[in-house]
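# Descriptive structure summary
Here are the chains, one letter per residue:
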Amino acid sequence: MDMVANLALGFGVAFTIKNLGLCFLGCMIGTLIGVLPGVGPIATIAMLLPITFGLDPVGALIMLAGIYYGAQYGGSTTAILVNIPGEATSIVTVLDGHQMARNGRAGAALGIAAIGSFFAGTVATIVIAALAAPLTRVALLFGPAEYFSLMVMGLIFAVVLARGSVIKAVAMVLLGLTLSTVGQDLETGADRMTFGWPELSDGIDFTTIAMGMFGFAEILRNLESPETRDVLKSKIGSLLPNWEEMKRSVTPILRGTGLGAALGILPGNGAVLGPFASYTLEKKIAKDPSRFGKGAIEGVAGPESANNAGAQTSFIPLLTLGIPPNAVMALMVGAMTIHGIVPGPQVMEKRPDLFWGMIASMWIGNLMLLIINLPMIGIWVKLLKVPYRMLFPSILMFCCIGIYSVNNNPFDVMITAFFGLVGYAFIKMGFEVAPLLLGFVLGRLMEEYLRRSILMSRGDWSVFVDFVNRPISAFLIAIAVLMLVISFLPAITKKRNTVFVE
Amino acid sequence: MQDENVSVVAETRGLVKSPQDMFAGLFIIAFGLACLWASSNLSGGRGANLGPGSFPRGLSFLLMAVGGIIVFQALTVVGPRLEAWSIRGPVFVLGAVLIFAMTIRGTTLNIPGIGRTDLLPPLGLIVAGPLTLIVASLASTERNWTQTFIFSACMTAFCILLFKVALRLPIPVAPWAGW
């Protein structure tokens with residue numbers, strides 16, 4: 001019954017005029033930016049981070065969470081109305097969502113995406129509330145060795161889930177880890193790999209890498225291919241799906257929610273897998289699989305629910321263990337740190353108002369998305385018709401102001417331009433950037449835990465795989481190795497490619 | 001049947017079967033070497049006490065090993081060619097970003113022998129904004145000057161209203177006029 005009391009506390013915090021307003025504003029701006037083609041949640045949050053600086057920690061996090069859900073939902077809107085997936089997780093939505101739109105059921109597709117997302121969000125909120133306390137207790141059992149092994153496992157997951165070559169993803173993770181060591185050493189204070197540049201001794205700011213490699217590099221890539229945006233010209237139609245469509249969607253929503261919520265908890269960006277898994281499952285168990293790809297509503301309802309459930313449960317590793325499972329959560333860490341909160345098991349005890357207030361606001365955010373987005377679809381459609389030659393300079397401008405405002409430092413803007421070039425080179429070399437970001441985010445923590453573990457074990461490197469004394473750590477490493485081995489098996493490689501091609 | 005095709009392609013490509021992977025692998029090896037060199041002055045610690053240099057150096061070796069595997073793959077498995085790089089996009093987009101960075105608060109260079117020299121005075125968002133937007137627009141092949149100018153003026157005004165007036169971020173708008 002603790003859970004009910006805790007949630008009540010949370011709703012008490014979130015249900016103030018100010019926090020409701022911030023949640024609303026966050027959802028709104030998040031959708032506004034997220035709708036723009038080629039701007040995913042990472043770039044959106046990085047861009048909008050500075051506007052939350054002036055708020056109190058609770059308000060700032062509530063607003064950021066709103067921005068996050070808004071950006072996610074904005075991506076789905078773009079996927080359905082234009083044939084462009086805003087980001088990895090809405091790739092699947094494009095398949096049947098856009099076909100539905102072509103068949104004149106755009107409204108129903110948008111409607112079911114919103115309804116499915118809301119249901120998934122509600123369930124995910126309960127899952128978080130229920131799991132948070134027990135998982136926090138588990139976290140207290142973790143020593144440095146367990147944390148290190150958990151992060152190794154998370155990174156391996158990220159590698160396995162990345163698109164394209166596994167070995168190239170490993171290279172990206174290592175590169176990210178290496179970049180994280182730039183700057184002052186935490187223990188000795190020695191400047192590391194700064195090439196004598198004082199600007200680098202604080203380390204590289206995460207927002208500069210994220211914005212450069214995701215925001216700028218993406219613009220460079222888009223500029224290369226001549227624009228083929230076919231924004232829906234026909235009417236959107238009623239946003240309420242008809243009875244037949246509703247009936248078809250019920251079980252996919254339930255299954256998608258379950259899958260997405262479960263995968264989202266995994267460290268290492270399991271949430272990405274949710275929509276794919278849901279789509280594959282729905283197609284496999286459908287009576288008539290040939291309908292998929294031609295506008296089957298199950299192919300929108302399931303993946304969209306999975307997407308939102310995963311987006312939300314991926315807060316769990318962050319809030320309980322203090323380990324961000326993906327780049328978006330890494331930005332949340334950045335935001336929390338700015339407000340003086342170190343994410344981890346202690347947050348729940350020390351700042352219950354913040355912890356439960358944020359969880360409650362997740363549900364409120366989902367409700368707001370449902371309420372504000374449906375009537376505003378018309379505006380989003382107009383926004384989608386803005387030509388890219390005007391869109392990309394504006395995105396660039398917002399990015400510049402955003403990065404500058406993080407530290408009020410023009411040097412950060414230059415570094416971002418540099419990472420934009422690097423990101424462009426990575427695209428040309430066939431590298432996927434997401435694993436690099438995760439490596440970068442976890443790098444400092446990993447090194448710290450590694451050094452502490454080795455110190456505590458008196459130089460014995462077998463501490464991580466010691467099944468007798470450190471069973472949790474050994475178990476995590478075993479899973480990681482198993483995953484890596486499996487991903488190299490030829491049969492799986494083939495299957496993996498088809499999943500991502502589909 | 002399929003194997004035959006692959007071998008034909010492989011023959012015409014000579015030693016390197018996947019130029020893209022070859023390039024990628026060599027890049028990773030080079031990066032590893034650079035890190036090894038950059039961390040060579042750091043202490044590796046002793047026994048149980050890992051020093052500041054241990055982690056970066058360990059990563060450098062791993063990077064070089066992984067780079068080696070990618071290169072090996074490039075020599076054995078047929079893969080895509082290296083795509084052509086476009087010049088226009090990177091030059092104008094990243095150029096616009098650099099212009100923003102250099103004009104928003106001015107640029108001061110520290111030239112050895114001469115000392116600190118002001119390259120550009122602080123110009124603020126009111127100048128940096130339109131400059132950034134216009135230069136960025138050059139990256140697109142479509143051109144409409146009137147539209148570009150009107151658009152950059154409106155966009156700059158919008159940014160000033162949003163970030164400076166509404167959100168009160170401490171971004172300089174017109175520092176020469178004290179705003």
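All of these numbers come straight from a predicted model, not from anything done at the bench. (Residues numbered from 1 in each chain as written. Chains lettered and ligands numbered in written order. Predicted model: local features only at pLDDT ≥ 70, side-chain atom pairs only at ≥ 80, totals over all residues. Heavy atoms only, no water.)

The next point concerns the overall build of chain A. For chain A, the count of helices and strands is 20 helices and two strands. Relative to the 2.2 N^0.38 estimate, which gives 23 Å for 502 residues, the radius of gyration of chain A is 22 Å and therefore close to what a compact globule would have. Expressed along its principal axes, the backbone C-alpha trace of chain A runs to roughly 70 × 55 × 50 Å. Burial statistics for chain A: of 502 residues in total, 61% are counted as buried. Relative to all contacts within chain A whose residues are 6 or more apart in sequence, the contacts with residues 24 or more apart total 79%. Taken as two groups, the 33 positive and 30 negative side-chain charges of chain A have centres that lie 10 Å from each other. (Helix = DSSP H or I, 4+ residues; strand = E, 2+ residues; numbered from the N terminus. Rg over C-alpha atoms; globule rule 2.2 N^0.38 Å. Buried < 20%, exposed > 50% of the residue type's maximum accessible area, 1.4 Å probe, protein only. Contact = heavy atoms within 4.5 Å. Lys, Arg positive; Asp, Glu negative; His and termini not counted. Charge placed at Lys NZ, Arg CZ, Asp CG, Glu CD.)

Further remarks concern the overall build of chain B. Looking only at helices and strands, chain B features six helices and four strands. Along its sequence from the N terminus, chain B presents helices and strands in the succession α-α-β-β-α-α-β-β-α-α. In terms of C-alpha radius of gyration, chain B reaches 25 Å, well past the compact-globule figure of 16 Å for 179 residues. Pairs at least 24 apart in sequence give 59% of the contacts found in chain B among residues at least 6 apart. Carbon and sulfur atoms form 68% of the exposed surface of chain B, whose accessible area is close to 9900 Å². One way to put it: in chain B the 11 positive side-chain charges average out to a point 21 Å from where the 7 negative ones average out. (Areas by Shrake-Rupley, 256 points an atom, 1.4 Å probe, with all protein chains shown as cover.)

What follows covers the nonpolar core. Within the largest apolar cluster, 193 residues are counted, with the highest numbers of intra-cluster contacts made by Tyr 68, Phe 206, Ile 209, Phe 315, Phe 426 and Leu 436 of chain A together with Phe 100 of chain B. Here this core gets 17 residues from one element, more than from any other, and that element is helix α15 (residues 352–384) of chain A. The residue makeup of this core includes at least three contributed by each of domain 1 (2–76) and domain 2 (88–177) of chain B. Filtering out sequence-adjacent residues up to four positions away, Ile 209 of chain A remains in contact with Leu 179, Ile 204, Phe 214, Phe 419, Leu 436, Leu 437 and Phe 440 of chain A. If you look at the next biggest cluster of nonpolar residues, it comprises seven residues, including Val 272, Tyr 279, Ala 286 and Phe 292 of chain A. (Core = buried A, V, L, I, M, F, W, Y, C linked by side-chain atoms within 4.5 Å. Domains from an automatic or database assignment.)

Moving on, we get to the domain arrangement of chain B. Domain assignment breaks chain B into domain 1 (2–76) and domain 2 (88–177). Here the C-alpha centre of domain 2 of chain B lies 39 Å away from the C-alpha centre of domain 1 of chain B.

A word on the environment of Leu 161 of chain A. When you line up the elements, Leu 161 of chain A lands in helix α6 (residues 144–161). In the structure, Leu 161 of chain A is positioned 275 residues away from Leu 436 of chain A in sequence and 13 Å away in space, judged by C-alpha atoms.

Next up on the list: the interface of chain A and chain B. Taken together, the contacts link 61 residues of chain A with 63 residues of chain B. When residues of chain A are sorted by the area they lose upon contact with chain B, Arg 389, Met 397 and Lys 428 of chain A head the list and together hold 12% of the total. The closest approach of N and O atoms between Glu 142 of chain B and Arg 389 of chain A, which form a salt bridge, is 3.1 Å. When residues of the side of chain A that touches chain B are assigned to their parent elements, the largest contribution, 12 residues, is made by helix α16 (residues 388–407) of chain A. Its residues assigned to classes, the side of chain A that touches chain B comprises 41 nonpolar, 10 polar and 10 charged. (Buried area = accessible area lost by both parts, 1.4 Å probe. Salt bridge = Lys/Arg side-chain N within 4 Å of Asp/Glu carboxyl O. Nonpolar A, V, L, I, M, F, W, Y, C, P; charged D, E, K, R; others polar.)

The geometry of an aromatic ring pair is captured by two quantities: the separation of the ring centres and the angle between the planes. Scanning the model with the defined rule gives 20 aromatic pairs over all chains in all. Look at Phe 11 of chain A and Trp 363 of chain A: their rings are 6.0 Å apart centre to centre, the planes differ by 75 degrees, and that puts the pair in the edge-to-face class. With Phe 11 of chain A in helix α1 (residues 2–14) and Trp 363 of chain A in helix α15, this pair connects stretches of sequence that are 352 residues apart. By relative accessible area, which is 23% here, Phe 11 of chain A ends up partly exposed. Seen in terms of ring centroids, Phe 426 of chain A and Phe 27 of chain B are 5.7 Å apart; in terms of plane orientation they differ by 75 degrees. Their pairing is edge-to-face. Here Phe 426 of chain A, found in helix α17 (residues 410–428), pairs with Phe 27 of chain B, found in helix α2 (residues 19–38), and the two come from separate chains. (Phe/Tyr/Trp six-rings, centres within 6.5 Å; stacked < 30°, edge-to-face > 60°.)

All names here are of chain B. In the sheet, strand β3 (residues 107–111) pairs with strand β4 (residues 115–120) via five bridges, with the strands oriented antiparallel. For Leu 109, the partnering residue across the bridge sits in β4 and is Thr 117. Following β3, the chain reverses through three residues before pairing antiparallel with β4; Gly 113 in that reversal takes a positive phi of roughly 95 degrees. (Pairing = 2+ DSSP bridges.)

Within the fold, Leu 374 of chain A resides in helix α15. In sequence terms Leu 374 of chain A and Val 413 of chain A are 39 residues apart; their C-alpha atoms lie 36 Å from each other.

We now examine the packing of helix α4 (residues 57–81) of chain A against helix α11 (residues 298–313) of chain A. Residue and element names in this part refer to chain A. At their nearest, the axes of α4 and α11 sit 11 Å apart, and the two run at 160 degrees to each other. In terms of orientation, α4 lies roughly antiparallel with respect to α11. Handedness of the α4/α11 crossing: right-handed. Together, Tyr 68, Tyr 69, Gln 72, Ser 76 and Ile 80 of α4 and Val 300, Glu 304, Asn 307, Ala 311 and Gln 312 of α11 make up the contact between the two elements. Residue composition of the contact of α4 with α11, grouped by class: five nonpolar, four polar and one charged. (Axes fitted to C-alpha atoms, helices over the stretch in contact; angles between N-to-C directions. Parallel < 35°, antiparallel > 145°, perpendicular 65-115°, else oblique. Left-handed = near helix turned anticlockwise from the far one by under 90°.)

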